[in-house]
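# Coordinate analysis (summary)
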Amino acid sequence: MNIRKTLSALAMGTLLGLGALHQALAAEPIKIGSFLAVTGPASFLGDPELKTLQMYVDEINGKGGVDGRQIELVHYDTGGSPKKAVNFVKRLIQKDKVDVIVGGSTSGSTLAVMPLVAKARIPFISLAGSVKIVVPPQKWTFKMPHTDAMAAAKIFGDMKKRGITKVALISGSGGFGKSGRAQSLKLAPQYGIEIVADESYGKKDTDMTAQLAKIRDSGAQAILNFGFGTGPAIVTKNVRQLGIDLPLYQSHGVASKKFIELAGDAAEGVRLPAAALLVADQLPDSDPQKPVLLAYKNKFEAKYGPVSTFGGHAYDGLFIALEAIDRANSTDKEKVRDEIEKTKGFIGTGGIYNMSPQDHLGLDLSAFKMLEIRNGDWTIVE
Amino acid sequence: MFDQILQFLLTGVTVGATYALVALGFAIIYNASDVVNFAQGEFVMMGAMSAVALSAGDGGLPLLPSLALAVLITIGVGILLQRFAIAPAHGASVVTTIIITIGASIFLRGVALLLWGKDIFALPHFSGETPLHIGNATLLPQNLWVMGGAALMVIGVHLFFNHTTQGKAILACACNRTAASLVGINVGMMMLVAYGLSAFLGAMAGILVTPITFTSYDAGVMLGLKGFSAAILGGMGNPMGAVAGGLLLGLIESLAAGLISSGYKDAIGFVILLLVLFFRPSGLFGRASAERV
């Protein structure tokens, strides 16, 4: 063994020793587990979610952590696969021994891991859309995003105000579109609305004029499209191409500038329900959400580019979890769960959260703003 | 009702023309080497995405030069693919080569993902978006570009394979490699030409349809699948058959969506494809496989 090797070995040993000493001195870190669809078809959800989590964990750690304890983020990429989600959640629970889980970009992944978190008795804040996650409420699972049922309710409320009673539904064949369709069919009668056409299209379809030609002759007074990705933009263009002069409603699935960019002039007059984050600048100064929204938006955009509501859900989930840990003054899972359930008046990007044992979402319809696209930008039309 | 049917037919032909363009690329490589090139959909995506990248932003090129450049880039990708992925596997079985093309398609998707991210992009329509009316049915000027482009390329490919020495040389390579090289055909060169040509067709398909369909790094998957189905339906290795298969698949889908159920239109398309293969295994217009010795 030459002298250099010996020296470097010594140096390594010292470093390791120092590291261990440092660890022992500092308080045990708070471990936040996460599994998100950072790659794959749902990456538009997972990507901003992970960026948001990392950005705020770094910021909080820079400021000294929570109760003097640093935060450690343990993350796995599911690629949008529920099967992988199950494996990763097992690992988060058994190997990483995390204190709380914030994650699950898609409804499929979230629903797949709910039995696991219930068995392991660990608080889980989901970032996925489906209403099934919180109805009926499961003891250990909470969720941040608005549900598709709320979106449908908001849209039907707006239609009722405009005196529309006959609606044609066209939805994507993916999970989001299917679930939105089911909720729309269920809720329509409550608003005195009759669904006169019920069409669908494939996720990667390139032309929907056949379905829309049928809708044109169905006697509908408005068209409602549930879907995300390229589908809604093509539907919007096809509606104008066919010269159909009916009000067109989209879901919150297209609530991003990308939709306006893709659909172009055809997007003019399209209405959709969306979280206030999209129109943060336009909110009146009296709105309690405005400062929170602007702070998140500016921070995210300074680092990564245009903000999306999905990253906002991760912000809400992270801070509801941390505030609960702060209030509980420990990471005892039972106590933290109880505190999350007691969240009242938390002002997040998704709305103002008021949780209860019966309501593990805590948002009402006021969390959605009804927007109309005018001159290539969002306008609030309440 | 008549208006509706007319609209379904127009929709079917426009969607079908897209499938036909992709199917044509499949047919050419199959003609030259008996290999199904599963990276064909990625050629379409490459053409579209590089056109978007070149024309985007304030510093971007005007539309026409960026389209031309995008086609050249894609041809380059096709040739590189042949030279560095397919050619080194010289002497490998057809199945091995097909697996290589699947690998190449995943690789190209990955490259596009790294270069351009996961966003969806659009190209401007070549001649405006004012719909043209035929009775009560409509179509976009861009639809005519797609159909016209498809028709031109089909005729071009037909002339190339049947009336030029180069084209016939490519066909000869597929029939019998050894014999082809014995009569003085540079087989390696012909393979490069075949891949370049398919990449060219893919890129053209990409830039023609993107104003209507949008594009993203994974847009090639579904287009490739549909184009492959169309090529099978028409008869692999017969460029005319591929085009007929594409149009037929487009019409079946649109009529099924309009008249039966939009939820089952893809299923109906695939059931018809299976039935055709059951009764005519070489496709509607394919030569019987015994001929290809």
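Residues numbered from 1 in each chain as written. Chains lettered and ligands numbered in written order. Predicted model: local features only at pLDDT ≥ 70, side-chain atom pairs only at ≥ 80, totals over all residues. Heavy atoms only, no water.

This part covers the overall build of chain B. Of regular secondary structure, chain B possesses 11 helices and two strands. Secondary structure elements in chain B, listed N-terminal to C-terminal, are α-α-α-α-β-β-α-α-α-α-α-α-α. Against the 2.2 N^0.38 benchmark of 19 Å for 293 residues, chain B shows a C-alpha radius of gyration of 19 Å, consistent with a compact globule. Projected onto its principal axes, the C-alpha coordinates of chain B cover approximately 60 × 55 × 35 Å. (Helix = DSSP H or I, 4+ residues; strand = E, 2+ residues; numbered from the N terminus. Rg over C-alpha atoms; globule rule 2.2 N^0.38 Å.)

So, on to empty space enclosed by the protein. Think of a ball as big as a water molecule: rolled over the atoms, this probe shows where empty space is left. Across all of its chains, the model carries five cavities of 30 Å³ or more by this definition. Size it by volume and the largest cavity reaches roughly 290 Å³. As for the largest cavity, its lining consists of 22 residues, of which A:Lys204, A:Asp205, A:Thr206, A:Asp207 and B:Tyr19 are closest to the centre. When contributions to the lining of the largest cavity are tallied by element, the ones reaching two or more residues are helix 7 (209-216) of chain A together with helix 1 (2-33), helix 9 (219-234) and helix 10 (239-260) of chain B. Looking at which element gives the most residues to the lining of the largest cavity, the answer is helix 9 of chain B, with four residues. Here the lining of the largest cavity is built from residues that sort into eight nonpolar, eight polar and six charged. As a volume, the second largest cavity reaches approximately 70 Å³. Contributions of two or more residues to the lining of the second largest cavity are made by helix 1, helix 5 (141-163) and helix 8 (187-213) of chain B. (1 Å grid on protein atoms, 1.4 Å probe; cavity = no way out; pocket = protein on both sides within 12 Å on 5 of 7 lines; lining within 4 Å. Points joined across faces, edges and corners; volume = space filled by probe spheres on them. Nonpolar A, V, L, I, M, F, W, Y, C, P; charged D, E, K, R; others polar.)

Facing the 28 residues of chain A at the interface are 35 residues of chain B. In this assembly, chain A packs against chain B so that about 2,500 Å² is buried in total across both faces, 53% of it on carbon and sulfur atoms. Here chain A is connected to chain B by three salt bridges. Notably, a salt bridge pairs A:Lys237 with B:Glu129, separated by 3.4 Å at the nearest N-O pair. Residue assignment for the side of chain A that touches chain B shows that the elements contributing at least two residues are helix 2 (43-62), strand 7 (194-201), helix 7, helix 8 (230-241) and helix 9 (257-263) of chain A. Residues of the side of chain A that touches chain B, tallied by class, amount to seven nonpolar, 10 polar and 11 charged. (Contact = heavy atoms within 4.5 Å. Buried area = accessible area lost by both parts, 1.4 Å probe. Salt bridge = Lys/Arg side-chain N within 4 Å of Asp/Glu carboxyl O.)

Moving on, we come to the domain arrangement of chain A. Residues and elements named next belong to chain A. Taken domain by domain, chain A comprises domain 1 (27-147 + 290-364) and domain 2 (149-280 + 368-380). The C-alpha centroid of domain 2 is placed 29 Å from the C-alpha centroid of domain 1. Listed by partner, the interface residues are 16 residues for domain 1 and 11 residues for domain 2. Of the roughly 1,300 Å² buried between domain 1 and domain 2 on both sides combined, carbon and sulfur atoms contribute 71%. On the domain 1 side of the contact with domain 2, His 146, Thr 147 and Thr 309 bury the most area, a combined 39% of that side's loss. Summed over the shared surface of domain 1 and domain 2, the number is zero salt bridges. For the interface between domain 1 and domain 2, the tally reads three residue pairs in polar contact (both at pLDDT 80 or more). Examining the composition of the side of domain 1 that touches domain 2, we find that five residues originate from one element, helix 10 (residues 289-304), more than from any other. Partitioned by chemical class, the residues of the side of domain 1 that touches domain 2 number eight nonpolar, five polar and three charged. (Domains from an automatic or database assignment. Polar contact = N/O pair within 3.5 Å; in protein donor to acceptor, adjacent residues only side chain to side chain.)

Residues and elements named next belong to chain B. Considering only enclosed or pocket space, the second largest pocket measures out at about 450 Å³ in volume. Lining the second largest pocket are 22 residues, with Ser 33, His 90, Gly 91, Arg 177 and Met 191 sitting closest to its centre. Of all elements in the fold, only helix 1, helix 3 (63-86), helix 4 (94-116), helix 6 (165-175), helix 7 (177-182) and helix 8 reach the threshold of two or more residues within the lining of the second largest pocket. The greatest single-element share of the lining of the second largest pocket, amounting to four residues, is contributed by helix 8.

Residue and element names in this part refer to chain B. Tracing the sequence through the fold places Ser 33 in helix 1. Judged by its relative accessible area of 15%, Ser 33 falls in the buried class. Ignoring any residue separated from it by four or fewer positions in sequence, one finds Ser 33 in contact with Ala 174 and Met 191. (Buried < 20%, exposed > 50% of the residue type's maximum accessible area, 1.4 Å probe, protein only.)

The subject of this paragraph is the environment of B:Met46. Residue and element names in this part refer to chain B. Structurally, Met 46 is set in helix 2 (residues 40-55). A C-alpha to C-alpha distance of 8.5 Å links Met 46 and Val 77, two positions 31 residues apart in sequence. With near-sequence residues (within four places) excluded, Met 46 lies in contact with Thr 74, Leu 108 and Trp 116.

Once that is clear, we can look at the environment of A:Ile234. Mapped onto the elements, A:Ile234 comes out in helix 8. Residue classification places A:Ile234 among the buried positions, given a relative accessible area of 2%. Sequence separation of A:Ile234 and A:Lys303 is 69 residues, and the distance between their C-alpha atoms is 31 Å. With sequence-adjacent residues up to four places away left out, A:Ile234 is seen in contact with A:Asp205, A:Thr206, A:Asp207, A:Met208, B:Ile212, B:Thr213 and B:Phe214.

Residues and elements named next belong to chain A. Relative to the helices and strands, Lys 160 resides in helix 5 (residues 148-161). Here Lys 160 falls in the exposed class, since its relative accessible area comes to 52%. In the structure, Lys 160 is positioned 31 residues away from Tyr 191 in sequence and 6.8 Å away in space, judged by C-alpha atoms.

In this section: the confidence of the model for chain A. Of the residues in chain A, 93% reach a pLDDT of 70 or more, and the chain-wide mean stands at 89. Within chain A, the element-level pLDDT minimum falls on helix 1 (residues 3-25) of chain A, averaging 56, and the maximum on strand 4 (residues 124-126) of chain A, averaging 96. (pLDDT = per-residue confidence, 0-100.)

Take the UniProt feature "transmembrane region" (unreviewed entry) in chain B next. Residue and element names in this part refer to chain B. UniProt feature "transmembrane region" (unreviewed entry): in the numbering of this structure it lies at residues 6-30, 63-81, 93-116, 144-161, 182-208, 240-261 and 267-286. A distance of 35 Å separates the end C-alpha atoms of residues 93-116, which is 96% helix and 0% strand. Strand forms 0% of residues 267-286 and helix 65%; the C-alpha atoms that close the span are 23 Å apart. (UniProt positions renumbered as here; feature names shortened; annotations may be inferred.)

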